[in-house]
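# Architecture at a glance
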Amino acid sequence: MADSAQAQKLVYLVTGGCGFLGEHVVRMLLQREPRLGELRVFDLHLGPWLEELKTGPVRVTAIQGDVTQAHEVAAAVAGAHVVIHTAGLVDVFGRASPKTIHEVNVQGTRNVIEACVQTGTRFLVYTSSMEVVGPNTKGHPFYRGNEDTPYEAVHRHPYPCSKALAEWLMGLLVCGGLPLVTCALRPTGIYGEGHQIMRDFYRQGLRLGGRLFRAIPASVEHGRVYVGNVAWMHVLAARELERRAARMGGQVYFCYDGSPYKSYEDFNMEFLGPCGLRLVGTRPLVPYWLLVFLAALNVLLQWLLRPLLLYAPLLNPYTLAMANTTFTVSTDKAQRHFGYEPLFSWEDSRTRTILWVQATGGSAQ
Ligand SMILES: NC(=O)C1=CN([C@@H]2O[C@H](COP(=O)(O)OP(=O)(O)OC[C@H]3O[C@@H](n4cnc5c(N)ncnc54)[C@H](O)[C@@H]3O)[C@@H](O)[C@H]2O)C=CC1
Ligand SMILES: C[C@@H](CO)CCC[C@@H](C)[C@H]1CC[C@H]2[C@@H]3[C@H](O)CC4=CC(=O)CC[C@]4(C)[C@H]3CC[C@]12C
């Protein structure tokens, strides 16, 4: 936006703005984007909390819509200066069909890109995922790698396949020489206020008398990043895309912060411990072969029960492989390319998450 229009107010659109990450992006934009004139929040399911935002100085427009419907996306995008595309179907539990995952994550992203091109939106930030890289189907560790670390990315599961394809679509734009400037952000496992799986583990621990049982070796590192920092990274990337288009256009960035490297379960205990839970065992209490068997059994049960009900437990061969394969990132690319520094320290992130688990973990909210 030209110098003469320095004071110009911008229209932002956040797809999936009522999801776990999307809500944080929406709130972060309102707090930290001084040039924000209108904020459009596009989601399949609108949250009631949006109402309270409508009384503030920035115009907040809630748009109930479906990213798989090109005309709905085009109508929402028209006139937006910047789009942050977080909408996605996050399903590694077999709740949705592979076709639906593809439609939302790939076709939905294609619709967003095409709408930007058609309506003249110039800046698009896409929420990708660590899963675009791995862990791969061979279980190779990715130990504190960065965006350039060689790794054999092999996907079979519909979710990572869809995220990889969608990110690839973003890259195509650069090759096509279109005026649209994009970048993709790849969070590792996001945690923080609103993280459903964390709450599920908390409730499970309460049901088990305040205990959780170790299933994964403590030595397996799983990358995690605080939702507030992921949101901040989106807001900053969106802001800087214009000024640093040549450097950032077509780039991918892992999302990172000061969260410690730990196993999935030990990391969760950073929050669940202060909420009164205990992780039993210094080593996995269940032999790995039994976990593999239970995971396979869950797949069979899911298939058998499908005509009657949706059985989608946390444990399946894919989630077991995810939790049991080291995948952590160590990079400063976002800092070098657009000056990203985490907004929340590890201590802040931890405290905020603990307070949230304590406040809502036991309730039906
Ligand atoms: N949760 C995590 O650990 C990670 C998430 N991601 C990515 O971050 C993004 C956000 O994920 P979360 O906030 O965790 O998920 P979420 O499920 O909480 O949020 C996704 C939002 O997208 C909306 N949505 C789904 N289908 C839609 C459709 N057809 N049209 C319009 N809106 C639709 C949902 O209603 C929801 O509000 C996703 O793209 C996901 O792939 C990436 C890495 C890690
Ligand atoms: C074997 C169980 C013993 O306690 C633990 C099972 C945990 C799993 C449900 C999670 C382990 C790793 C998680 C995934 C990971 O953080 C990366 C992700 C990236 C995304 O883009 C979406 C979410 C997820 C797939 C995340 C989902 C939950 C796990 C598989």
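By the naming in an unreviewed UniProt entry, the protein goes by 3 beta-hydroxysteroid dehydrogenase type 7 and is assigned to Callithrix jacchus. The Subcellular location (unreviewed entry) comment attached to the protein in UniProt states, word for word, "Endoplasmic reticulum membrane".

### Observations regarding the overall build of the protein
Scanning the protein from terminus to terminus reveals 13 helices and 13 strands. In terms of its C-alpha atoms, the protein occupies a principal-axis envelope of roughly 65 × 45 × 40 Å. When each of the 365 residues of the protein is scored for burial, the buried share is 50%. For the protein, long-range pairs separated by at least 24 residues make up 80% of all intrachain contacts whose partners lie at least 6 apart in sequence. Total accessible area on the protein is roughly 16,400 Å²; 57% of this is exposed by carbon and sulfur atoms.

### Points about the pairing of strand β1 (residues 10-15)
Counting buried residues in β1 gives six out of six residues, a clear majority hidden from the surface. Alternating positions in β1 separate into two faces, Leu10, Tyr12 and Val14 on one and Val11, Leu13 and Thr15 on the other, with burial throughout. Bridge analysis of β1 against strand β2 (residues 36-43) gives six bridges, and the strand direction is parallel. Considered in β2, the bridge of Val14 is made with Val41. In the classification by handedness, the crossover that spans β1, the intervening helix α1 (residues 20-32) and the parallel β2 is right-handed. Note that β1 and strand β4 (residues 82-85) share four bridges and pair parallel. Of the residues in β4, the one forming a bridge with Leu13 is Val83.

### Overview of the packing of aromatic side chains
Under the defined criterion, the tally for this structure stands at 15 aromatic pairs. On the basis of an interplanar angle of 85° and a centroid distance of 5.0 Å, the ring pair of Tyr253 and Phe338 is categorised as edge-to-face. Placement of the pair is Tyr253 in strand β11 (residues 251-254) and Phe338 in helix α12 (residues 333-338), with a sequence separation of 85 residues. For the ring pair Tyr256 and Tyr340, a centre distance of 5.2 Å and an interplane angle of 90° mean the geometry is edge-to-face. Of this pair, Tyr256 sits in the loop between β11 and α9 (264-272) while Tyr340 sits in the loop between α12 and α13 (346-360); the two residues are 84 residues apart in sequence, bridging distant segments of the chain. Of the two residues, Tyr256 and Tyr340, neither departs from the other in class, the shared state being buried.

### Overview of the sheet that holds strand β3 (residues 59-64)
With parallel pairing, the seven strands of this open sheet are ordered in space as β3-β2-β1-β4-β5-β7-β11. Both outer strands of the open sheet, β3 and β11, are each paired with one neighbouring strand and no more. Adjacent strand axes in the sheet meet at a mean angle of 15°, parallel and antiparallel pairs treated alike. Those strands touched by helix α7 (residues 227-243) are β1, β4, β5 (123-127), β7 (181-186) and β11, and its axis lies near 150° from that of β5.

### Some points on the site of ligand 1
Every one of the 25 residues lining ligand 1 counts as a neighbour, but Leu21, Asp43, Asp66, Tyr159 and Lys163 are closest to it. Between ligand 1 and Phe20 there is a distance of 2.9 Å, counted from an oxygen atom to a backbone nitrogen or oxygen. With respect to ligand 1, the backbone of Gly88 contributes an N or O atom lying 3.5 Å from an oxygen atom. Every element with two or more residues in the shell around ligand 1 is listed here: α1, α5 (158-175) and β8 (189-191).

### Here we look at the confidence of the model for the protein
Per-residue confidence for the protein gives a mean pLDDT of 94, with 95% of residues at or over 70. Taken together, the stretch residues 1-5 has pLDDT below 50 and engages in five contacts with residues farther than four places along the chain or on a different chain. Reported for the predicted complex are a pTM of 0.96 and an ipTM of 0.97.

### Some points on unusual backbone geometry
The step from Gly134 to Pro135 runs through a cis peptide bond, and the omega angle for that step is 5°. Mapped onto the elements of the fold, Pro135 is located in the loop between β5 and β6 (142-145). Even without being a glycine, Arg144 presents a positive backbone phi close to 50°. Secondary-structure assignment places Arg144 in strand β6.

### Some words on the site of ligand 2
Lining the immediate surroundings of ligand 2 are 17 residues, of which Ser129, Glu131, Tyr159, His222 and Glu265 lie closest. A distance of 2.7 Å separates an oxygen atom of ligand 2 from a polar side-chain atom of Ser129. His222 has a polar side-chain atom sitting 2.7 Å from an oxygen atom of ligand 2. For ligand 2, the protein covers 89% of the area, taking 630 Å² as the surface of the free molecule.

### With respect to the packing of helix α3 (residues 70-77) against helix α4 (residues 98-119)
Close contact between α3 and α4 brings their axes to 9 Å; oriented N to C, the two are set at 45°. Classified by the angle between their axes, α3 and α4 sit oblique to one another. Classified by chirality, the crossing of α4 by α3 is right-handed. The segment α3 lies against α4, with Ala70, Val73, Ala74 and Val77 engaging Asn111, Val112, Ala115, Cys116 and Thr119. In the contact of α3 with α4, the residues fall into seven nonpolar, two polar and no charged.

Rules used in this analysis
Counting starts from 1 at the beginning of each chain's written sequence and moves along it residue by residue. Throughout, the order in which chains and ligands are written sets their labels, letters from A for the former and numbers from 1 for the latter. Predicted model: local features are reported for residues with pLDDT of at least 70 only, side-chain atom pairs are reported and counted for 80 or more only, and whole-chain, interface and lining totals are derived from all residues. Only hydrogens and water are removed before side-chain values are computed, so all heavy atoms of the structure are retained for them. UniProt positions are given in the numbering used here, feature names are shortened, and annotations may be inferred rather than shown by experiment. The helix count covers DSSP runs of H or I at least four residues long, the strand count covers runs of E at least two residues long, and both are numbered beginning at the N terminus. Note on classification: 1.4 Å probe, protein chains only; a residue is buried when its accessible area is under 20% of the maximum for its type, exposed when over 50%, partly exposed between these limits. The criterion used for residue contact is that any of the two residues' heavy atoms lie within 4.5 Å. Note on areas: these come from Shrake-Rupley sampling with a 1.4 Å probe, and a residue is covered only by the protein chains present in the view. Pairing between strands requires that DSSP locate at least two bridges from one strand to the other. For crossovers, right-handed means that the path from the first strand over the helix to the second runs clockwise, given strands pointing away from the viewer. When two rings of Phe, Tyr or Trp (its six-membered ring) have centres within 6.5 Å they constitute a pair, described as stacked for plane angles under 30 degrees, edge-to-face for angles over 60, and tilted for the intermediate range. Orientation is described by axes fitted as lines to C-alpha atoms, over the contacting stretch for helices, and by angles from 0 to 180 degrees between their N-to-C directions. Residues are labelled near a given molecule or strand when at least one of their non-hydrogen atoms is within 4 Å of it. Any pair of N or O atoms that falls within 3.5 Å is considered a polar contact. Within protein, one atom must be able to donate a hydrogen and the other to accept it, and sequence-neighbouring residues count only if both atoms are side-chain atoms. The predictor's confidence in any single residue is recorded as pLDDT, a number from 0 to 100. Geometric relationships in this document are graded by angle, where less than 35 degrees denotes roughly parallel, more than 145 denotes roughly antiparallel, 65 to 115 denotes roughly perpendicular, and other angles denote oblique. Here a crossing is called left-handed whenever its near helix is offset anticlockwise from the far helix by less than a right angle, and right-handed whenever the offset is clockwise. Residues are grouped as follows: Ala, Val, Leu, Ile, Met, Phe, Trp, Tyr, Cys and Pro are nonpolar; Asp, Glu, Lys and Arg are charged; every other residue, Gly included, is polar.

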